[in-house]
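Below, each chain spelled out in residue letters.
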Amino acid sequence: MKLLKKVTAVIIALCMTVLVLPFSVNAAEPQLRFSDPTTTQGATFDVEATFYADAGIGNVSATLSYDESALKFISGDGATASNGQIQLTGNGGGTTEMKWTLKFQALAVQTTTITIASVSASSTDGTSFQVAQGSSTITIGEGDPSLIDSSDSTGETGTETGVQVEIDGQTYSVVEFSDIL
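Residues numbered from 1 in each chain as written. Predicted model: local features only at pLDDT ≥ 70, side-chain atom pairs only at ≥ 80, totals over all residues. Heavy atoms only, no water.

Draft legend 1. Representation of the overall build of the protein within the structure. Across its full length, the protein carries 1 helix and 14 strands. Relative to its 181 residues, the protein shows a buried fraction of 31%. Long-range contacts, defined here as pairs at least 24 residues apart, represent 71% of the contacts in the protein between residues at least 6 apart. Accessible surface computed for the protein: about 11,500 Å², of which carbon and sulfur atoms make up 53%. (Helix = DSSP H or I, 4+ residues; strand = E, 2+ residues; numbered from the N terminus. Buried < 20%, exposed > 50% of the residue type's maximum accessible area, 1.4 Å probe, protein only. Contact = heavy atoms within 4.5 Å. Areas by Shrake-Rupley, 256 points an atom, 1.4 Å probe, with all protein chains shown as cover.)

The following block contains the structure:
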């Protein structure tokens, strides 16, 4: 009986010691994540990009890559696109979450992705974040290809004689001449 009391006392003492010890909690790794929309050919749709961190977010810069034969970038706050890449920039102002809404048009019936080519981010005190990177999978089903806007995102369309540009509702043709004597 005496031995049982000693063993019980030791077990209780160990349990109390474990409860009193400080626990180390690791903060979640900052993440850049995306929505995974489903749409139809010719339709416009949004992809939500969200940056999460446990600490106040300072500057964020990311380069995304996408297939221009499947998607046409239309617009996005804090986002610019060129040659199948989108540059996202922003400042979180100390918040723990930043969002961008990227508008696209679906060009081809297929499943495609938007991936992260690079990302850098810092906290409000300037400390660099190691960022977990996600991607967006877009599923494009049968739709109405006649809705596809064939002009590029700058409003320019090619012609046989040059380029037509619309400015303030007026269409102008720009023609390049070469070898003129």
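Draft legend 2. Seen up close, the pattern of salt bridges. Overall, the coordinates contain 3 salt bridges when judged by the stated rule. Among the ionic pairs, Asp149 bridges to Lys72, the shortest N-O distance being 3.5 Å. Of this pair, Asp149 sits in the loop between β11 (136-141) and β12 (156-158) while Lys72 is found in strand β5 (residues 71-76), placing the two residues 77 residues apart along the sequence. (Salt bridge = Lys/Arg side-chain N within 4 Å of Asp/Glu carboxyl O.)

Draft legend 3. Representation of unusual backbone geometry within the structure. Not every positive phi belongs to a glycine, and Asn83 is a case in point at roughly 55 degrees. Following the sequence through the fold, Asn83 ends up in the loop between β6 (79-82) and β7 (85-91). Of the residues examined, Asn83 reaches a relative accessible area of 68% and is grouped as exposed.

Draft legend 4. Geometry of the sheet that holds strand β4 (residues 57-66). Spatial ordering of the open sheet is given by β2-β11-β9-β4-β7-β6, a layout of 6 strands whose pairing is mixed. The sheet is open, and its two edges are formed by β2 (38-40) and β6, each paired on a single side. Here the strands of the sheet are splayed against their neighbours by 20 degrees on average, with no regard to which way each runs. In the sheet, β4 pairs with β7 via 7 bridges, with the strands oriented antiparallel. Bridged to Val60 within β7 is Gly90. (Pairing = 2+ DSSP bridges. Axes fitted to C-alpha atoms, helices over the stretch in contact; angles between N-to-C directions.)

Draft legend 5. Spotlight on the confidence of the model for the protein. Looking at the protein, pLDDT values average 82 and 73% of them are 70 or higher. Contacts of residues 154-162 to residues separated by more than four positions or lying in other chains number 14 contacts, the stretch itself having pLDDT below 50. (pLDDT = per-residue confidence, 0-100.)

Draft legend 6. Summary view of the pairing of β11. By the alternation rule, side chains of β11 split into Ser136, Ile138 and Ile140, which are all buried, and Thr137, Thr139 and Gly141, of which none is buried. Summarising the sheet, β2 and β11 pair through 3 bridges and their orientation is parallel. Looking at the pairing, Thr40 lines up with Gly141 of β11. Relative to β11, strand β9 (residues 110-123) is paired through 5 bridges, and the arrangement is antiparallel. Across the sheet, residue Ile114 finds its bridge partner in β11, namely Ser136.

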